[in-house]
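For reference, the chains in residue letters:
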Amino acid sequence: MSTIEQSRHLATAIPGPKSSALIARKSEAVARGVGNTMPVYAARAGGGILEDVDGNRLIDLGSGIAVTTIGNASPRVVEAVAAQVAEFTHTCFMVTPYEGYVAVCEHLNRLTPIPGETRSALFNSGSEAVENAVKIARTYTGKQAVVAFDHAYHGRTNLTMALTAKSMPYKHGFGPFAPEIYRAPMSYPYRDAEFGKELATDGEMAAKRALSIIDKQVGADNLAAIIIEPVQGEGGFIVPAEGFLPALLDWCRKNDVIFIADEVQSGFARTGAMFACEHEGIDPDLIVTAKGIADGLPLAAVTGRAEIMDAPHVGGLGGTYGGNPIACAAALATIETIEADGMVARAREIETFMKARLGRMQADDDRIGDVRGRGAMIAVELVKSGTTEPDADLTKALCAGAHAAGVIVLSCGTYGNVLRFLPPLTISDELLEEGIDVLALVLKDL
């Protein structure tokens, strides 16, 4: 249990003097392109609280972008990491391997909703794992084209920027991008409603729209893989209409196309299931994971059907730091904590509370156009009063007001108008309620 007092407390204005001094140092030392959401510098964190260098205690509704799912400095993770550091920090698994890497892969093979014999490979980041999933799919199928979806986010490396939909800030000025990447329309129920209720609620119809474009513009004979986030992250926490994902998977199976589920943000209990795919009962060919896998240490993975994962030649997958022993120790402790402490059920409790509370706010304020998400991955889409027109300015102001009041919140969405909530599953009901209270007051003032 965290030793940080689990209460919001503002000892100074945000930012305080020590954070302000560090902001000045950052501007002199760090490249301008590395931005910050909050003007505070962290000193400690745990439970549902982050404490900054000035002694301000902030309610954490961001989890470092869905990374510290089981809370910062989780006891089992701290113990496991300390023990591993004392033994060795690195040997490179490709040179002299170690048990931790194998054990993480065994757990991933057990946990991911892929039937039959499975294999895993470990990497450093979500972007790196996505790139390797594409490499694996291309090797197995002998085909090159890959389809991603509107509003998708898959990373910041060259190939993953090509897969990512949003230009600013992720792609602008960084091209040319990797070729043979195509895009299809996503099922986005709130926005699809503008074209008719049936399209917004019928996932099979939305899939038919996407597959028609894929057939015409790419062709199954050229297509190695479809990659999709079961719940889109940076794109706006979009949950596709029921039936959309199964229809895509069915088409992939009939046409020898690999179905890759990008569960980097939605995996490891975040959505009220161990993986978001489970909500619709689909079994992807490959699943990409990262973020919540190791409670803050850099680790990512690709897990999939054995015959697909084993397609690349020996030496074709890997990397110097992939599956670092310290990160593997953290991952094993993270998985143990999720399973032993009932974190999947806790995510469902958070969903029930947040949707009820945000739903009441929506009923009283038509600037909240939509409340959506699964588990502890919840969003509100903000619009101009009386319309469905995205209101990015209101979203920015609401975030700024919450930050000044000591609540860490994040925005996202193609239109910059979505407020997303990613609280650690260890947060108390009291802190969760207080965080939403603060947001409600700020929104009312705006």
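Residues numbered from 1 in each chain as written. Predicted model: local features only at pLDDT ≥ 70, side-chain atom pairs only at ≥ 80, totals over all residues. Heavy atoms only, no water.

### Description of the overall build of the protein
Alright, step 1. Looking only at helices and strands, the protein features 15 helices and 15 strands.
Alright, step 2. Since a compact globule built from 446 residues should have a radius of gyration of about 22 Å, the 21 Å found for the protein is in line with a globular shape.
Alright, step 3. Counting over 446 residues, the protein shows a buried share of 55%.
Alright, step 4. Working note: accessible area of the protein is about 18,300 Å², and carbon and sulfur atoms make up 53% of it.
Alright, step 5. When the 39 basic and 55 acidic side-chain charges of the protein are each reduced to a single mean position, those positions are 4 Å apart. (Helix = DSSP H or I, 4+ residues; strand = E, 2+ residues; numbered from the N terminus. Rg over C-alpha atoms; globule rule 2.2 N^0.38 Å. Buried < 20%, exposed > 50% of the residue type's maximum accessible area, 1.4 Å probe, protein only. Areas by Shrake-Rupley, 256 points an atom, 1.4 Å probe, with all protein chains shown as cover. Lys, Arg positive; Asp, Glu negative; His and termini not counted. Charge placed at Lys NZ, Arg CZ, Asp CG, Glu CD.)

### Considering the packing of helix α4 (residues 99-111) against helix α12 (residues 325-340)
Alright, step 1. Where α4 contacts α12, the two axes come as close as 8 Å, and the packing angle between them is 35°. Pair α4 / α12 crosses with left-handed handedness. Judged by residue contacts, G100, Y101, A103, V104, H107, R110 and L111 of α4 engage C328, A331, L332, I335 and E339 from α12.
Alright, step 2. Grouping the amino acids of the contact of α4 with α12 by side-chain chemistry returns eight nonpolar, two polar and two charged. (Axes fitted to C-alpha atoms, helices over the stretch in contact; angles between N-to-C directions. Left-handed = near helix turned anticlockwise from the far one by under 90°. Contact = heavy atoms within 4.5 Å. Nonpolar A, V, L, I, M, F, W, Y, C, P; charged D, E, K, R; others polar.)

### Things to note about the packing of aromatic side chains
Describing an aromatic ring pair means giving the distance of the ring centres and the angle of the ring planes.
Alright, step 1. Overall, the coordinates contain six aromatic pairs when judged by the stated rule.
Alright, step 2. Each ring, one from F93 and one from Y98, has its centre 5.5 Å from the other, and the planes form 80°; the classification is edge-to-face.
Alright, step 3. Among the aromatic residues, ring-to-ring pairing joins F88, F93, Y98 and Y101 into one connected group.
Alright, step 4. Sitting over the face of the ring of F177, K171 holds its NZ or CZ atom 5.4 Å from the ring centroid. (Phe/Tyr/Trp six-rings, centres within 6.5 Å; stacked < 30°, edge-to-face > 60°. Lys NZ or Arg CZ within 6 Å of the ring centre and 35° of its normal.)

### Quick word on the domain arrangement of the protein
For interface size, the figure often reported is the accessible area lost on association.
Alright, step 1. Each assigned domain of the protein is listed here: domain 1 (17-73 + 342-445) and domain 2 (77-341).
Alright, step 2. Taking only C-alpha atoms into account, the centre of domain 1 sits 25 Å from that of domain 2.
Alright, step 3. Contact with domain 1, which involves 40 residues of that partner, is made by 37 residues of domain 2.
Alright, step 4. Interface area lost by domain 1 to domain 2 is led by I70, R374 and M377, which between them contribute 24%. (Domains from an automatic or database assignment. Buried area = accessible area lost by both parts, 1.4 Å probe.)

### Details of the nonpolar core
Soluble globular proteins: nonpolar side chains tend toward being buried together.
Alright, step 1. Core analysis: the largest hydrophobic core is formed by 87 residues, its most contacted members being L122, I260, L286, L358, V409 and F421.
Alright, step 2. Of all the elements, α12 adds the most residues to this core, at eight residues.
Alright, step 3. Two domains each donate at least three residues to this core, and these are domain 1 (17-73 + 342-445) and domain 2 (77-341).
Alright, step 4. Excluding residues that lie within four positions of it along the chain, F421 makes contacts with L61, F237, M354, L358, A376, M377, I378, A379, V380, V409, I436 and L439. (Core = buried A, V, L, I, M, F, W, Y, C linked by side-chain atoms within 4.5 Å.)

### So, the environment of G203
Alright, step 1. For G203, the position within the fold is in helix α9 (residues 203-217).
Alright, step 2. Of the residues examined, G203 reaches a relative accessible area of 0% and is grouped as buried.
Alright, step 3. Remark: the alpha-carbon pair of G203 and A241, spanning 38 residues in sequence, is separated by 4.5 Å.
Alright, step 4. Apart from the residues within four sequence positions on either side, G203 is in contact with A241, E242, G243 and F244.

### So, the sheet that holds strand β12 (residues 377-382)
Alright, step 1. Pairing is antiparallel in the open sheet, where four strands are placed in the order β11-β12-β15-β14. Two strands in the sheet have a free side with no partner beyond their single neighbour: β11 (368-374) and β14 (410-412). The average undirected angle you get between the axes of adjacent strands in this sheet is 25°.
Alright, step 2. Contacting β11, β12 and β15 (418-421), helix α13 (residues 343-364) crosses the sheet at an angle of about 175° to β11. (Pairing = 2+ DSSP bridges.)

### A look at the pairing of strand β10 (residues 300-305)
Alright, step 1. Most of β10 is tucked away, with five of its six residues classed as buried.
Alright, step 2. Note: strand β4 (residues 118-123) against β10, six bridges, orientation antiparallel. Note on β10: the bridge partner recorded for R119 is G304.

### Section: helix α14 (residues 392-404)
Alright, step 1. When the terminal C-alpha atoms of α14 are compared, their 18 Å separation across 13 residues agrees well with the 18 Å that a helix rising 1.5 Å per residue should span.
Alright, step 2. For α14, the full list of buried residues reads L394, T395, L398, C399, A402 and H403. Looking straight down α14, one finds that the buried residues subtend no more than 170° of arc, so they occupy a single side. Facing away from the buried surface of α14 by more than 90 degrees, the exposed residues are D393 and K396.
Alright, step 3. Put simply, D391 is the residue that caps the front of α14, since its side-chain oxygen is 3.4 Å from the backbone nitrogen of D393. (Expected span 1.5 Å × (residues − 1). Arc of directions from axis to C-beta. Polar contact = N/O pair within 3.5 Å; in protein donor to acceptor, adjacent residues only side chain to side chain.)

### Let's talk about the sheet that holds strand β7 (residues 223-228)
Alright, step 1. Read from one edge of the open sheet, seven strands run β4-β10-β9-β8-β7-β5-β6, paired in mixed fashion. One side of each edge strand has no neighbouring strand; the edge strands of this open sheet are β4 and β6 (181-184). Pairwise comparison of adjacent strand axes, ignoring direction, gives a mean angle of 20° for this sheet.
Alright, step 2. Bridge count for β7 against strand β8 (residues 258-262) is four bridges, and the pairing is parallel.

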